[in-house]
Amino acid sequence: WLWGPIGLILATPLTVCLVVLGKHIEGLRFLDTLLGDKPALTQAEVFYQRMLVGDSVETAAQIENFASKGGLLDYYDEVAIAGLRLAQHDLDRSMLDASRVRRVRASVQELFDGLDDELEPEAKSMAESEGEAGAPRSRTEIVAAIAAEDGSAPAATGEKGEAKKEESERGRGLVRLNREDLDESWRGETPVVVIGGRTALDEAAAIPLADALTRSGLNAINLPAETLRGAGMTRMPSDGVKMIILSFLDGSSETAMRFAARRLRVKAPRARIVLGVWDDPDETVDRERLKQTTQVDFVATSAREAHQYATLTAVTGIDLDDLDSALDKFEIAPTQSKPTAKAV
């Protein structure tokens, strides 16, 4: 308006120059936020913000959007648990008081309690698939379907091989298991227990995983961190527990991990103990050392990995050392290498 026609011509290139400066100069970062086309907050930050104020409506719509594309586990890892890591970071810096931590935990519980039981309409149960195919699936095919949830292994071959290959390449939704698909020892009321490691934020991070396992047919229950202290062990089911998953957002608390695993060994000596370390994925986790130090049976660094390990163990009935054990047992070759002991 001040420069007339010349200003009209120069407005766009000047704006672009300001955005570029904002992207590459720390002190001018506000220009990129003000003038750029990217959202000011990432999805994980939005999740954290919504849980902090107790607003789950927008977050529920976000989850439904992910689920419609078969990415429910992706949402749990990349948004929900990532958002809770931000809360853990603020807690470590004393920027989050106890009342707000409890509010975040309560908001996450409320959110997942209110989700639709059928979030992934295209993720059919094994029984429905059997009816379409005309013959029941073998255990090998079920294992292949679970292994292909993250696209790291091919789906079982057959008449619909090409369709399954395409589905595997884009990532798959949760495989729904019926009672008959599970090993007999896994058909109890609560075969899986997920426990928060230390804080209410660890408990909040356990909620999405318990939700995913329940949707897959394993009837997982979620218990608070107080279960591991004092008389809290009375909360644990007395019979039928086949696997216990410990949830820790902070991977540096090895003493607490070791103490928790030791108490659980005494309470449930026959159960497999999985240590879930939902630490920053950019950090390197020495799985083998952590496994030996804490005396657990398996170390997982994502909800997807813990979910696959639990469902594969439930279907095969085998005490697996790693995810490849089930694939080797049923002669299913992964299409890409699994994480090594020192890689995430």
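Each remark here, short or long, concerns the structure printed above.
On a predicted model such as this, the values are computed, not experimentally measured, just so you know. (Residues numbered from 1 in each chain as written. Predicted model: local features only at pLDDT ≥ 70, side-chain atom pairs only at ≥ 80, totals over all residues. Heavy atoms only, no water.)

Digging into the overall build of the chain
Here is the rule we go by: Only DSSP runs of H or I covering at least 4 residues are called helices, and only runs of E covering at least 2 are called strands; the numbering of each starts at the N terminus. Each residue's exposure class comes from its accessible area (1.4 Å probe, protein chains only) as a fraction of the maximum for that residue type: buried when under 20%, exposed when over 50%, partly exposed otherwise. Contacts: residue pairs with any heavy atoms within 4.5 Å of one another. Note on areas: Shrake-Rupley, 1.4 Å probe, and residue coverage restricted to the protein chains presented here.
Within the chain one finds 14 helices and five strands. Counting only residues that meet the buried cut, the chain has 48% of its 344 residues in that class. Partitioning the intrachain contacts of the chain with sequence separation of at least 6 by distance along the chain shows that 72% fall at a separation of at least 24. Taken as a whole, the chain presents about 17,400 Å² of accessible surface, with 51% of it coming from carbon and sulfur.

Quick word on the packing of helix 5 (residues 72–92) against helix 13 (residues 303–316)
To be explicit about the condition: All axes here are fitted lines through C-alpha atoms, helices being fitted over the stretch that makes contact, and every angle between N-to-C directions spans 0 to 180 degrees. For classification, angles of less than 35 degrees are called roughly parallel, those exceeding 145 degrees roughly antiparallel, those between 65 and 115 degrees roughly perpendicular, and all remaining angles oblique. Following the grouping adopted for this structure description, the nonpolar residues are Ala, Val, Leu, Ile, Met, Phe, Trp, Tyr, Cys and Pro, the charged ones are Asp, Glu, Lys and Arg, and the polar ones are all others, Gly among them.
Interaxial distance between helix 5 and helix 13 falls to 8 Å at its minimum, and their mutual angle equals 140°. When the interaxial angle is binned, helix 5 and helix 13 end up oblique. Contact with helix 5, carried on its side by Leu73, Asp74, Asp77 and Ile81, involves Ala303, Arg304 and His307 of helix 13 and no other residues of that element. Considered class by class, the residues forming the contact of helix 5 with helix 13 number three nonpolar, one polar and three charged.

Comments concerning the nonpolar core
Which entries qualify depends on this criterion: Definition used in this section: a nonpolar core is a set of buried Ala, Val, Leu, Ile, Met, Phe, Trp, Tyr and Cys residues joined via side-chain atoms within 4.5 Å.
Counting 69 residues, the largest nonpolar core has Phe47, Leu84, Val108, Val192 and Leu213 as its most contacted members. No other element matches helix 10 (residues 200–215), which puts 10 residues into this core. Counting 23 residues, the second largest nonpolar core, distinct from the first, contains Leu223, Met233, Ile244 and Val285.

Regarding the environment of alanine 147
Tracing the backbone shows alanine 147 in helix 8 (residues 139–147). Along the backbone, alanine 147 and valine 175 are 28 residues apart, and their C-alpha atoms lie at a distance of 9.8 Å.

Some points on the pattern of salt bridges
Let me state the cut-off plainly: What makes a salt bridge here is a side-chain nitrogen of Lys or Arg within 4 Å of a carboxyl oxygen of Asp or Glu, nothing more.
Scanning the entire structure with this criterion turns up 12 salt bridges. Here aspartate 211 and arginine 215 are joined by a salt bridge, their closest N and O atoms 2.7 Å apart. One end of the pair is aspartate 211 and the other is arginine 215, both in helix 10 and four residues apart, which spans about a single turn. For the pair formed by aspartate 211 and arginine 215, the shared burial category is buried. The shortest N-O distance in the salt bridge between glutamate 305 and arginine 287 comes to 2.9 Å.

Things to note about the pairing of strand 1 (residues 192–196)
Here is the rule: Two strands form a pair only when DSSP identifies at least two bridges running between them.
Of all the five residues making up strand 1, five are buried; the element is thus mostly covered by neighbouring parts of the structure. Taking every second residue as pointing to the same face, both faces of strand 1 are buried, with Val192, Val194 and Gly196 on one and Val193 and Ile195 on the other. In the sheet, strand 1 pairs with strand 3 (residues 243–248) via five bridges, with the strands oriented parallel. By the bridge assignment for strand 3, isoleucine 195 is matched with leucine 246.

Let's talk about the packing of aromatic side chains
Given two aromatic rings, their pairing is described by the distance between the two centres and the angle made by the two planes. To keep things clear, this is the line we draw: Classification of ring pairs rests on two measures: the distance between centres of Phe, Tyr or Trp rings, Trp counted by its six-membered ring, which must be within 6.5 Å, and the angle between planes, read as stacked under 30 degrees, edge-to-face over 60 and tilted in between.
Counted by the stated rule, this structure contains four aromatic pairs. Arranged with centres 4.1 Å apart and planes meeting at 0°, the rings of phenylalanine 298 and tyrosine 309 form a pair that is stacked. One end of the pair, phenylalanine 298, is in strand 5 (residues 298–300); the other, tyrosine 309, is in helix 13, with 11 residues separating them in the sequence. Comparing phenylalanine 298 with tyrosine 309, the two get one shared label, buried. Ring pairing ties together the aromatic residues Phe47, Tyr75, Tyr76 and Phe112, which thus form one cluster.

As for the side chain of glutamate 203
Of note, glutamate 203 is situated in helix 10. Those residues within four positions of glutamate 203 in sequence are excluded, and the remaining contacts are Arg105, Gly196, Asn222, Pro224, Ala225 and Glu226.

Quick look at helix 13
Quick note on the threshold: Here, expected helix span is obtained from the residue count minus one, scaled by 1.5 Å.
For helix 13, which comprises 14 residues, the first-to-last C-alpha distance of 20 Å matches the rise-based estimate of 20 Å (1.5 Å per residue) to within 8%. Just past helix 13, the residue glycine 317 takes up positive phi, approximately 75°.

Some thoughts on the sheet that holds strand 4 (residues 272–277)
Read across the sheet, five strands follow the order 2-1-3-4-5 without closing on themselves; strand pairing throughout is parallel. Each edge of the open sheet carries a strand with a single partner, namely strand 2 (221–223) and strand 5. Taking each pair of neighbouring strands and ignoring which way they run, the sheet shows an average axis angle of 25°. Sheet topology places strand 1 next to strand 2; three bridges connect them, and they run parallel.

Considering the pairing of strand 3
Which entries qualify depends on this criterion: By convention, a crossover is right-handed whenever its connection, traced from the first strand over the helix to the second and viewed with the strands pointing away, goes clockwise.
Of all six residues in strand 3, six are buried; the element is thus mostly enclosed. In terms of strand pairing, strand 3 meets strand 4 through six bridges, oriented parallel. Its bridge partner being in strand 4, phenylalanine 248 is matched across the sheet by valine 277. Handedness of the crossover is the feature at issue here: the chain leaves strand 3, passes through helix 11 (residues 254–267), returns alongside strand 4, and the resulting connection is right-handed.

Details of the packing of helix 5 against helix 10
For the pair helix 5 and helix 10, interaxial distance at closest approach is 9 Å and the crossing angle is 170°. By the angle between their directions, the pair helix 5 and helix 10 is classed as roughly antiparallel. Packed against helix 5, whose contacting residues are Leu72, Leu73, Tyr76, Ala80, Ile81, Leu84, Ala87, Gln88 and Leu91, the element helix 10 presents Leu201, Asp202, Ala204, Ala205, Pro208, Asp211, Ala212 and Arg215 at the interface. Taken together, the residues of the contact of helix 5 with helix 10 sort by class into 13 nonpolar, one polar and three charged.

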